[in-house]
Amino acid sequence: MGFLVFPAVPFLPIWRPAGYLLGAMLMVVFQVISPTQAYSSIDLSILGLLFGTMMVSVYLEKAEAFKYLEKLLTWKSQGPKDLVFRVCLVSAIASAFFTNDTTCMVLTEFALKIARKHDVPPRPFLLALASSANIGSSATPIGNPQNLAIALNGFNKTGIPSSLWEFMEPYSQIDHATGIAILALTILILSNVISNVPTVLLLGGRMAASAACISPDYVNKAWLMLAWVSTVSGNLSLVGSAANMIVCEQARRLPHHYEYNLSFWSHLKFGVPSIIIVTAIGLILLNFCL
């Protein structure tokens, strides 16, 4: 997120993301690493996490959630020190669920507004925000990208995913309708709880191996099923997909006589039946076409 904070390098007028891409490209050009190694170093689960949390935070900001947060923070405040403490607390908690980078992006303006509104120096608020965000992000696996990478790797090594799969596997055979339904439901739930990319990483290899034991012909079907269900599962709820939130936000930004507020519950009323129908149609086509 450095490009949001630091200016372009004086002697090289490009922003930091362009600099990162240039450096990566030069490493491939000069054969420091191979193209295959470069591709394998891209962690889609981390990128997906960052993108998703940023979308959620922007949606909360546009929904004026932070206006109510400001009222809560300043309620019965005991002065500047108390306000700084409250900013620390909010920053740490938010970072644990929305990553430290996202929290700092969203709450910086918020912290400055509080400081100026109460006519106190902004420096303590900004330092409190940044330091608390870093500390709070260490509390959960999704607090920062490195935590997620470690958590996914560590979670696999605990044996819990393998144990759960061993329990489910007899009932999740891809050559039976009941097994397909159980697999689809599992993918749907996991994709909405931990997001679709970690779901694919956790289930992909296990589903493929299980399908291969039945017949090599089922391996392709298993991957296609996982891809289909994990992708369309974003239609279940408003926060299940970035596309949902983009449409919702764009509808709210229109002029008064065109604007529309698509609420979470109104979307869910559509999402539940639609995800059942769409998933079923896709699985039926998949079953007959392969």
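Residues numbered from 1 in each chain as written. Predicted model: local features only at pLDDT ≥ 70, side-chain atom pairs only at ≥ 80, totals over all residues. Heavy atoms only, no water.

As recorded by an unreviewed UniProt entry, the protein carries the name Citrate transporter-like domain-containing protein and is attributed to Jatropha curcas.

## Some words on the overall build of the protein
The following threshold applies: Here a helix means four or more residues in a row that DSSP labels H or I, a strand means two or more in a row labelled E, and each is numbered from the N terminus. Relative accessibility under 20% of the residue-type maximum defines a buried residue, over 50% an exposed one, and the middle range a partly exposed one, all with a 1.4 Å probe and only protein chains included. Only the protein chains shown count as covering a residue, and every accessible area follows the Shrake-Rupley method with a 1.4 Å probe.
Counting its regular elements, the protein contains 14 helices and zero strands. Looking at the protein as a whole, 34% of its 290 residues are labelled buried. Accessible surface computed for the protein: about 17,700 Å², of which carbon and sulfur atoms make up 70%.

## Here's the deal with the nonpolar core
As a reminder, the rule being used: Joining through side-chain atoms within 4.5 Å is the link that ties buried Ala, Val, Leu, Ile, Met, Phe, Trp, Tyr and Cys residues into a set, and such a set is a nonpolar core. In what follows, residue pairs with any heavy atoms lying within 4.5 Å of each other are defined as contacts.
In terms of nonpolar packing, the biggest core is built from 19 residues, with Ile 174, Ile 187, Leu 203, Met 207, Met 225, Val 229 and Leu 283 touching the most fellow members. Those residues in contact with Met 207, other than ones at most four positions away along the chain, are Trp 165, Leu 183, Ile 187, Ala 222, Met 225 and Leu 226.

## Comments concerning the UniProt feature "transmembrane region" (unreviewed entry) in the protein
Put simply, the test is: UniProt positions are given in the numbering used here, feature names are shortened, and annotations may be inferred rather than shown by experiment.
In the numbering used here, UniProt assigns the "transmembrane region" (unreviewed entry) feature to residues 12–30, 42–60, 180–203, 223–247 and 268–288. Along residues 180–203, the helical share is 92% and the strand share 0%, with 14 Å between the first and last C-alpha atoms. Summarising residues 268–288: 100% helix, 0% strand, and an end-to-end C-alpha distance of 30 Å.

## Observations concerning helix α9 (residues 160–168)
Put simply, the rule is: Directions pointing from the helix axis toward each C-beta atom define the arc.
Among the residues of α9, Pro 161, Trp 165 and Met 168 are the ones counted as buried. The buried residues of α9 occupy an angular sector of 65 degrees when the element is viewed end-on, so they sit on one face. Seen from the open side of α9, the exposed residues pointing more than 90 degrees away from its buried face are Glu 166 and Phe 167.

## Focus on the side chain of Ser 132
Checked against the element boundaries, Ser 132 lands in helix α7 (residues 123–137). If sequence neighbours within four positions are ignored, Ser 132 has contacts with Cys 88, Ser 91 and Ala 92.

## What to know about a nonpolar patch on the surface
Cut-off, in case you're wondering: Residues with no salt bridge and a relative accessible area higher than 30% make up the patches, which join like charges within 9 Å and nonpolar side chains (Val, Leu, Ile, Met, Phe, Trp, Tyr) within 5 Å. A carboxyl oxygen of Asp or Glu within 4 Å of a side-chain nitrogen of Lys or Arg is what we treat as a salt bridge.
On the surface, a cluster of nonpolar side chains totalling about 650 Å² of accessible area is made up of Leu 22, Met 25, Leu 26, Met 27, Val 29, Phe 30 and Val 32. Among the secondary structure elements, Leu 22 is positioned in helix α1 (residues 16–29).

## Description of helix α5 (residues 80–98)
Quick reminder of the rule: Here a helix's expected span is defined as the number of its residues, less one, multiplied by 1.5 Å.
Taking 1.5 Å per residue, 19 residues should reach 27 Å; α5 reaches 26 Å between its end C-alpha atoms and fits that length. Once α5 finishes, Thr 99 follows within two positions and takes phi at roughly 70 degrees, a positive value.

## With respect to the packing of helix α10 (residues 177–193) against helix α12 (residues 217–232)
Operational definition: Comment: axis = line fitted to C-alpha atoms, over the contacting stretch for helices; angle = value between 0 and 180 degrees taken between N-to-C directions. Roughly parallel means an angle under 35 degrees; roughly antiparallel means over 145; roughly perpendicular covers 65 to 115; every other angle is labelled oblique. Helix crossings fall into two classes, left-handed where the near helix is turned counterclockwise from the far one by less than a right angle and right-handed where it is turned clockwise.
Between α10 and α12, whose axes approach to 9 Å, the crossing angle comes to 45 degrees. When the axis of α10 is compared with that of α12, the two are oblique. Remark: the crossing between α10 and α12 carries right-handed chirality. Residues Ile 180, Leu 183, Ala 184, Ile 187, Leu 188 and Ser 191 of α10 pack against Lys 221, Met 225, Leu 226, Val 229 and Ser 230 of α12.

## Overview of unusual backbone geometry
Phi at Gln 31 is positive, roughly 60 degrees, even though this residue is not glycine. As for its position among the elements, Gln 31 is in the loop between α1 and α2 (35–40). Classification of Gln 31 as exposed rests on a relative accessible area of 71%.

## A short note on the packing of α10 against helix α14 (residues 264–289)
Quick reminder of the rule: Note on residue classes: Ala, Val, Leu, Ile, Met, Phe, Trp, Tyr, Cys and Pro are nonpolar, Asp, Glu, Lys and Arg are charged, and everything else, Gly too, is polar.
Between α10 and α14, the shortest axis-to-axis distance is 12 Å and the interhelical angle comes to 135 degrees. When the axis of α10 is compared with that of α14, the two are oblique. In terms of crossing hand, the pair formed by α10 and α14 is right-handed. Contact residues: α10 offers Ile 180, Ala 184 and Leu 188, while α14 offers Ile 275, Thr 279, Leu 283 and Asn 287. Partitioning the contact of α10 with α14 into residue classes produces five nonpolar, two polar and no charged.

## Examining the confidence of the model for the protein
Condition: Across the chain, each position has a pLDDT score giving the predictor's confidence in that residue, from 0 to 100.
On average, residues of the protein score 76 in pLDDT, and 75% of them are at 70 or above. Counting contacts from residues 1–11, a segment whose pLDDT is below 50, to residues more than four positions away or on other chains yields 15 contacts.

## Description of the side chain of Ser 210
Of note, Ser 210 is situated in helix α11 (residues 196–214). Aside from chain neighbours lying at most four places away, what touches Ser 210 is Trp 165, Glu 169 and Gln 173.

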